[in-house]
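Structural description and commentary
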Amino acid sequence: MKIEKVNLATKLGSFNEYWSPKIVGELNSQLVKVAKFKGEFVMHQHDKEDELFYVIAGELYIELKNKTLHLHAGEFVVIPKGVPHKPYAPEEVHVMLFEPASTLNTGNMSNDLTVSNLDTI
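Residues numbered from 1 in each chain as written. Predicted model: local features only at pLDDT ≥ 70, side-chain atom pairs only at ≥ 80, totals over all residues. Heavy atoms only, no water.

This part is about the overall build of the protein chain. Secondary structure assignment for the protein chain yields one helix and eight strands. Relative to the 2.2 N^0.38 estimate, which gives 14 Å for 121 residues, the radius of gyration of the protein chain is 14 Å and therefore close to what a compact globule would have. For the protein chain, the spread of C-alpha atoms along the principal axes amounts to about 45 × 30 × 25 Å. With 121 residues in all, the protein chain has 40% of them scored as buried. Put simply, of all contacts in the protein chain between residues at least 6 apart along the chain, 64% involve residues at least 24 apart. Split by element, the accessible area of the protein chain, about 7000 Å² in all, is 51% carbon and sulfur. With 12 positive and 16 negative side-chain charges, the protein chain shows a separation of 3 Å between the mean positions of the two kinds. (Helix = DSSP H or I, 4+ residues; strand = E, 2+ residues; numbered from the N terminus. Rg over C-alpha atoms; globule rule 2.2 N^0.38 Å. Buried < 20%, exposed > 50% of the residue type's maximum accessible area, 1.4 Å probe, protein only. Contact = heavy atoms within 4.5 Å. Areas by Shrake-Rupley, 256 points an atom, 1.4 Å probe, with all protein chains shown as cover. Lys, Arg positive; Asp, Glu negative; His and termini not counted. Charge placed at Lys NZ, Arg CZ, Asp CG, Glu CD.)

Encoded structure:
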């Protein structure tokens, strides 16, 4: 096993596409992912997995049933399993995600934003 540090800025600089998470680490059956978001995503939920969104740079909004969360750089939120949520970002935002390896980015939905096979960078 090779142990190496991870530079998030370098990883985020290696791709440009939005809503396409990339795997940058793994621990205890959880994947550590980075992603760039811009624009609207879809309302969805994860029936079996919690999901952590940590904002590295920019601002992220997450629409819930009865409110909208507004996250700034350095803030995170855990969305519990079964809770419908819709992330969106008017401007580009860089996010780190912690979620089980089984988590599909669009949860219970399948559409053109669904990424089934994640790249490891």
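Next comes the rest of the account.
Before going further, it helps to spend a moment on the environment of lysine 48. Relative to the elements of secondary structure, lysine 48 occurs in the loop between β2 (30–40) and β3 (51–57). Since its relative accessible area comes to 72%, lysine 48 is described here as exposed. Put simply, lysine 48 and serine 102 are 54 residues apart on the chain and 8.9 Å apart in space, counted from C-alpha to C-alpha.

With a phi angle near 60°, tryptophan 19 is a residue other than glycine that sits in the positive phi range. Locating tryptophan 19 in the fold gives a position in the loop between α1 (8–12) and β1 (22–27). Owing to a relative accessible area of 7%, tryptophan 19 belongs among the buried residues under this scheme. The backbone of serine 29 shows a phi angle near 65°, a positive value even though the residue is not glycine. Relative to the helices and strands, serine 29 is located in the loop between β1 and β2.

All right, on to the nonpolar core then. The biggest cluster of nonpolar side chains holds 18 residues, and the ones touching the most others in it are Phe37, Phe53, Leu60 and Ile62. Looking at which element gives the most residues to this core, the answer is strand β7 (residues 86–100), with four residues. Residues Phe15, Val24, Val32 and Val34 belong to the second largest nonpolar core, which totals six residues. (Core = buried A, V, L, I, M, F, W, Y, C linked by side-chain atoms within 4.5 Å.)

Here we take up the side chain of histidine 85. Structurally, the position occupied by histidine 85 is in the loop between β6 (76–79) and β7. Residue class for histidine 85 comes out buried when judged on its relative accessible area of 0%. Reaching out from histidine 85, the side chain makes a polar contact with the side chain of glutamate 51 at a distance of 2.9 Å. A polar contact of 2.9 Å, which involves the side chain of histidine 85, links it to the backbone oxygen of valine 83. Setting aside residues no more than four positions away along its own chain, histidine 85 makes contact with Val42, Met43, His44, Gln45, His46, Glu51, Phe53, Ile62, Glu63, Leu64 and Ile79. (Polar contact = N/O pair within 3.5 Å; in protein donor to acceptor, adjacent residues only side chain to side chain.)

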